Amino acid sequence: MQTASTNIGERMGHSQELSDSKRGPVIGGHLCNKSIRDISWLLNIPRSTVSGIITKWKQLGTTAIQPPSGRPRHMTGRGQRMLKCTVRRSRQLSAESIAKDLQTWCGLQMSPTTVRRELHGMGFHGRAAASKPHITKCNAKRRMPWCKARRHWTL
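Residues numbered from 1 in each chain as written. Predicted model: local features only at pLDDT ≥ 70, side-chain atom pairs only at ≥ 80, totals over all residues. Heavy atoms only, no water.

(A) Representation of unusual backbone geometry. The phi torsion at asparagine 33 lies on the positive side, around 60°, for a residue other than glycine. Residue position: asparagine 33 is located in the loop between α2 (20-31) and α3 (36-43). The phi angle at asparagine 44 is positive, at roughly 55°, despite the residue not being glycine. You can see asparagine 44 is positioned in the loop between α3 and α4 (47-60). Look at asparagine 44 and you get partly exposed, because its relative accessible area is 23%. (Helix = DSSP H or I, 4+ residues; strand = E, 2+ residues; numbered from the N terminus. Buried < 20%, exposed > 50% of the residue type's maximum accessible area, 1.4 Å probe, protein only.)

See below:
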């Protein structure tokens, strides 16, 4: 009999996809009218996983791992790191020039729209710099007493 601490320790965290050799006994237990709880306890698999395998088997008639849905991403993790490095090095570059740089450096051919979309996803947005007023030394000396007097007004 397993102790609760080892059972919980094995189940915590993210796990990988269950192999076909473990999926077969789940379906076999289901066909033998075993409950999900019993199958889970016998095979030491979480009940939610057992339930998901049985549901998939009822819907699709197979327990094989299906390919992921949706179109694969064009930019890989390495490409994203290169893009981020390029933008941090020079923030003034346009999306067209970044796309050309990525094509010459790592062979990724993508449109400027894709570059913009990836940059927005990373948190980079085109912003105009805030204008800072130029304060001369003479003006700074005149402002200082005004600022000190203003500080006492708000108290």
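(B) Spotlight on the packing of helix α5 (residues 77-89) against helix α7 (residues 112-122). Where α5 meets α7, the closest approach of the two axes is 11 Å, and the angle between their N-to-C directions is 85°. Between α5 and α7, the crossing angle belongs to the class labelled roughly perpendicular. Contacts between α5 and α7 involve Gln80, Leu83, Lys84 and Val87 from the former and Val115, Glu118, Leu119 and Met122 from the latter. When grouped by side-chain class, the residues that make up the contact of α5 with α7 number five nonpolar, one polar and two charged. (Axes fitted to C-alpha atoms, helices over the stretch in contact; angles between N-to-C directions. Parallel < 35°, antiparallel > 145°, perpendicular 65-115°, else oblique. Contact = heavy atoms within 4.5 Å. Nonpolar A, V, L, I, M, F, W, Y, C, P; charged D, E, K, R; others polar.)

(C) Spotlight on α2. End to end, α2 covers 17 Å across 12 residues, agreeing with the expected 16 Å (1.5 Å per residue, within 8%). Within the sequence span of α2, burial applies to Arg23, Val26, Ile27 and Gly29. Angularly, the buried residues of α2 cover 160° about the axis, an arc narrow enough to put them on a single face. The exposed residues of α2 that point more than 90 degrees off its buried face are Ser21 and Leu31. Where α2 is buried, its residues contact α3 and α4. Phi turns positive one or two residues past the end of α2, at asparagine 33, with a value near 60°. (Expected span 1.5 Å × (residues − 1). Arc of directions from axis to C-beta.)

(D) Structural context of the packing of α3 against α4. At a minimum axis separation of 9 Å, α3 and α4 run at an interaxial angle of 115°. Here the hand of the crossing between α3 and α4 comes out right-handed. On the side of α3, the interface is formed by Ile36, Arg37, Ile39 and Ser40, while α4 contributes Arg47, Val50, Ser51 and Ile54. Among the residues forming the contact of α3 with α4, the class breakdown is four nonpolar, two polar and two charged. (Left-handed = near helix turned anticlockwise from the far one by under 90°.)

(E) View of the environment of cysteine 106. Mapped onto the elements of the fold, cysteine 106 is located in helix α6 (residues 95-106). Between the C-alpha atoms of cysteine 106 and glycine 79, which are 27 residues apart in sequence, the distance is 7.8 Å. With near-sequence residues (within four places) excluded, cysteine 106 lies in contact with Arg78 and Met82.

Just geometry here; none of it tells us what the structure is for.
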